Amino acid sequence: MSDLLQVRDLHVTFKTPDRTVHAVNGVSFELKRGETLGILGESGSGKSVTLRSILRLHPEHRTRWSGSIRMEGDEVLEMGSRALADLRGRRVAMIFQEPATAFDPVFTVGQQIAETIRRHTGKSETDAFKRAKELLELVRIPSPAQRLKAYPHEMSGGMRQRAMIALALSCNPSLLLADEPTTALDATVQIQVLLLIRELQREFDLGVIFVTHDIGVAVEVSDRIGVMYAGKIVELAGVEQMVDAPQHPYSRGLLASTVHDGMRGQRLEAIPGAPPDLAEVPTGCSFAPRCKFVRPDCTTAPPSLRATGDTHLVRCVLAA
Amino acid sequence: MDTMIPVDRGGPAQPLLLATGLRKHFPVGGGILGRGRKVVRAVDDLTLSVAKGETLGVVGESGCGKSTVARLLIRLIKPDRGTMVLDGDPVDEPHGITVNELRRQVQMVFQDSYASLNPRLTIGETLAFAPKAHGLPAAEARERVRDLLSKVGLDPNNYAERYPHELSGGQRQRVNIARALALRPRLVILDEAVSALDKSVEAQVLNMLVDLKSELGLTYVFISHDLNVVQYLSDRVLVMYLGKIVELGPVEAIYGNPQHPYTRALLSARPSMDPRKRTKEAPIQGDPPNPIDPPSGCRFRTRCPFAEDVCARAEPALSDTGHQSVACHMSIAGSGHSKAVRGGAAAA
C-alpha cells in the first residue's frame, strides 16, 4: 500500500552568525492515508521543527535541509515556489497552537476562509462563502452565518480553534498537520476539539500528524506514537504498544514521570538532568547522560532504530 | 535564637490562613467618567481557610479567578472587600499584622521562572536580597544562600555566581522556590509553578516540593489547571468557576465522588491514558463564559446539563454535604430543583 507521506533521514539545522542548532537529526517515518501519527516530545525535541519542515515553513536562508520528504510521491525539499504554494493549504493543511495569531485580525473569519477557497479552487466569491458556511457547520460552530462575519477577536479560544480547523479543511487536504492545537485551550474545551479532530479525520479519511507534549492527548488521538528526543525519534510504535510496553528508557521515564490518577503519595520516577544542548552533534546516544541503563557502547556511536516487533521501532542498544 | 523564624502561635487547630468574604472586581474600559463601566468579577465573596501543614489545591479554567486568589492571599493586590487572618492575627488592621509581616510569612512562586528573576543579579544575589533587606548580616546571608541552594538540589559552588539566563527552566524554577523559602515562610503559594516545565523536569520539582514540605514543615496553596498534578499533591481541593467556589473538600471526595456538575465535567474532560478507553463524548459543550458579565444565579447554569429555572433565579450557597461543600441547587435540600436531595444533607 502506498504511503501518503514518507520522511527519510530528515536533518534540519539552523544557522545564525554565532551558532548552529541541530534541531532534527535523522528522522524517518511514513504515514498512510487515514492514519494519525502522534509525535510526543518535550520542548526542544524537534517535534515542531519536523512538522514545519513538511510544509517548508522555516526561513530558507538560515535553514539547511537534508534527507527526503515525499508527499504522495512528490519531493517537498526540491519543490519550486509554485508547487510549494499548491502544497500549502490545498494538499497539506496545518493548525497551530495559537489560533489568535494564525488568523489575520483585520479580516473576518468568513473572508479568510473564502479567500483560501478562491485562491486554491478558483470558485466565485458567492460559492466560496457558501462553502465557508458549510465548513463552520461542519466544525459545529453555532449560528455559522453570523460567525462568518465575526472578526477573530470576537470569538472565544475554543471557537477560534474550530474556525481554524474549518480553514484548514477548506480545500480538502489529504494531510493535516496539527502543532499542539489544544495546548492553549481549557480542559473542558480541549476534549471537545480533540474529539472533533478525531471525527473529521475519520470522515475525510485524513492523514494526521499530531504534535504534542501531553501523553494523554497523544493517546486520545493517535494510531501510532513516535517519541522524539534531541531531534530524533527514539521510539515508534502503535499507541497500545507504546502505553503498555514502552522500550526506550526515555519513553519509559516519560510515562513513569507523568502524574496520573492513583499516584498520590508515591514518589515520582523523575528522569534526572535536562535535555542536551542542540548546538553540537552528539557522538553517541543523546539520552545517555540521563539514562540509568547507560553502557560504554552508548557513548561511542549513535544507536540505530531497531525493530523489536512488527511495528515497534526503538533507538537503543538495549532493545532486543 | 533566630528571630527570623516565625513561630506557631495558635496551635495546630487554628487555621494558618483564614480569608473571609474576599472580593475583587476589575473595572474594564468603556463608559464616560466611570459611568456604565463594566467590571470583571474575578473573585466574588470567597471564603477559605488553609490548615497548618496541609496542601490546598486550587483548580479551575482560565478566567476562573484562581490567580487572583493567589495575588489576594499575598496582598499583591488589595481586595475590594473581605478580611484575612494569619494564625490569629488580622492582616492590615489596627490590632493585627502589617502587609509586610504577612509577606514574610507567606511567599509565592510564579509560573514564568525567567520573568520572576532579576536578569542583572546573580542567583546568589537574588537569594540574599530579602534576608539582607530584613537585616541579616552579609556573612550570614551568604551562608543562607548556600543552604537554600543545596535544599533545592543545586550545588552552591556551581550556581551562586551564575545569572538566570545561564540556567534551564527547571533550574530557574528551583531558584524561585529557594527564593520563596529565603525568609523561612510558613505558607508558600505556588501559582502554576510547574506548568511551564517539561514532564520529566516537572516530576523532579514535584518530588522536591514534597520533600521540602516535610523537611521545613511548610503549608502549600497549590494553584494549577492540571488536575492530575493537583490530585497528586493536595490534601484538600477547591474548584473555582467564574470567580466562585463551586466545590471544596478532601482530595478523595473531590476526585472520588465529585458532586458539582462542573467538577464532574472537569474531571471527565481529562484525556484518557488508556487507548482502549478513549473519551467518547465531551462532558460539556462550549467555552467558559466571559467573566465580565457572568450569568445570573448559578454561574455554571449556561453550560450545565441539569439547569432549571431555579438556577437562574437564585445563587446556590456553598453547602456542606457531609464529605465536601458544594454550591449547587441539586445538593441543597428544598432548593426547588427537581433533582435536589431530599431530607438530610447527605447527597447520593
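Residues numbered from 1 in each chain as written. Chains lettered and ligands numbered in written order. Predicted model: local features only at pLDDT ≥ 70, side-chain atom pairs only at ≥ 80, totals over all residues. Heavy atoms only, no water.

Caption draft 1: Just the overall build of chain A, in detail. Across its full length, chain A holds eleven helices and twelve strands. Compactness check: chain A gives a C-alpha radius of gyration of 21 Å against a globular reference of 20 Å for 320 residues, within 12% of the reference. Overall size of chain A, expressed as C-alpha extent along the three principal axes, is 65 × 50 × 45 Å. Put simply, chain A has 320 residues, and 54% of those count as buried. Of the contacts made within chain A by residues no fewer than 6 positions apart, 63% connect residues no fewer than 24 positions apart. Counting only carbon and sulfur atoms, one obtains 50% of the accessible surface of chain A, whose full area is about 13,700 Å². Measuring between centres, the 38 positive side-chain charges of chain A sit 2 Å from its 38 negative side-chain charges. (Helix = DSSP H or I, 4+ residues; strand = E, 2+ residues; numbered from the N terminus. Rg over C-alpha atoms; globule rule 2.2 N^0.38 Å. Buried < 20%, exposed > 50% of the residue type's maximum accessible area, 1.4 Å probe, protein only. Contact = heavy atoms within 4.5 Å. Areas by Shrake-Rupley, 256 points an atom, 1.4 Å probe, with all protein chains shown as cover. Lys, Arg positive; Asp, Glu negative; His and termini not counted. Charge placed at Lys NZ, Arg CZ, Asp CG, Glu CD.)

Caption draft 2: Structural detail: the nonpolar core. If you look at the biggest cluster of nonpolar residues, it comprises 63 residues, and the most contacted ones within it are I177, L206, L209 and F222 of chain B. Of the residues forming this core, the biggest block, seven residues, is contributed by helix α7 (residues 199-216) of chain B. Counting contributing residues per domain, this core is built from domain 1 (17-29 + 37-240) and domain 2 (264-348) of chain B, each supplying no fewer than three. Leave out the neighbours within four places in its chain, and L209 of chain B touches I177, L190, V194, Y220, F222 and L233 of chain B. One finds F14, V227, M228 and L278 of chain A within the second-largest nonpolar core, a separate group that totals 57 residues. (Core = buried A, V, L, I, M, F, W, Y, C linked by side-chain atoms within 4.5 Å. Domains from an automatic or database assignment.)

Caption draft 3: Local environment of the domain arrangement of chain B. All names here are of chain B. Under the domain assignment used here, chain B contains domain 1 (17-29 + 37-240) and domain 2 (264-348). Here the C-alpha centre of domain 2 lies 30 Å away from the C-alpha centre of domain 1. Taken together, the two surfaces of domain 1 and domain 2 that pack against each other cover about 970 Å², and 62% of this comes from carbon and sulfur. The interface formed by domain 1 and domain 2 includes two salt bridges. Linking R303 and E61 is a salt bridge whose minimum nitrogen-to-oxygen distance equals 3.7 Å. Taken together, the residues of the side of domain 1 that touches domain 2 sort by class into six nonpolar, three polar and four charged. (Buried area = accessible area lost by both parts, 1.4 Å probe. Salt bridge = Lys/Arg side-chain N within 4 Å of Asp/Glu carboxyl O. Nonpolar A, V, L, I, M, F, W, Y, C, P; charged D, E, K, R; others polar.)

Caption draft 4: Main features of the packing of helix α3 (residues 123-133) of chain B against helix α6 (residues 169-181) of chain B. Residues and elements named next belong to chain B. At their nearest, the axes of α3 and α6 sit 8 Å apart, and the two run at 20° to each other. In terms of orientation, α3 and α6 fall into the roughly parallel class. Every pair of crossing elements has a handedness; the one defined by α3 and α6 is right-handed. Along the contact surface, α3 presents I123, T126 and L127, while α6 presents V175, A178 and R179. Of the residues belonging to the contact of α3 with α6, the class tally is four nonpolar, one polar and one charged. (Axes fitted to C-alpha atoms, helices over the stretch in contact; angles between N-to-C directions. Parallel < 35°, antiparallel > 145°, perpendicular 65-115°, else oblique. Left-handed = near helix turned anticlockwise from the far one by under 90°.)

Caption draft 5: How the structure looks around the UniProt feature "domain: ABC transporter" (unreviewed entry) in chain A. Under the UniProt annotation, the feature "domain: ABC transporter" (unreviewed entry) is placed at residues 5-255 of chain A. Helix makes up 41% of residues 5-255 of chain A and strand 27%, and the two end C-alpha atoms of the span are 28 Å apart. (UniProt positions renumbered as here; feature names shortened; annotations may be inferred.)

Caption draft 6: Broad picture of the side chain of R315 of chain A. With respect to the helices and strands, R315 of chain A occurs in the segment after β12 (313-314). Discounting residues that sit within four places of it in the chain, R315 of chain A has contacts with G26, K232, I233, V234, H248, P303, S304 and L305 of chain A.

Caption draft 7: Main features of the interface of chain B and chain A. Taken residue by residue, the interface counts 44 residues in chain B and 46 residues in chain A. Approximately 3,600 Å² of surface area, both sides summed, lies buried where chain B meets chain A, with 51% of it carried by carbon and sulfur atoms. For R276 of chain B, the salt bridge identified is with D244 of chain A, shortest N-O distance 2.4 Å. Connecting chain B to chain A are 28 residue pairs in polar contact (both at pLDDT 80 or more). Listing elements by their share of the side of chain B that touches chain A, those giving two or more residues are α7, α8 (227-233), α9 (251-256) and α10 (261-268) of chain B. A per-element tally of the side of chain B that touches chain A places α7 of chain B first, with nine residues. (Polar contact = N/O pair within 3.5 Å; in protein donor to acceptor, adjacent residues only side chain to side chain.)

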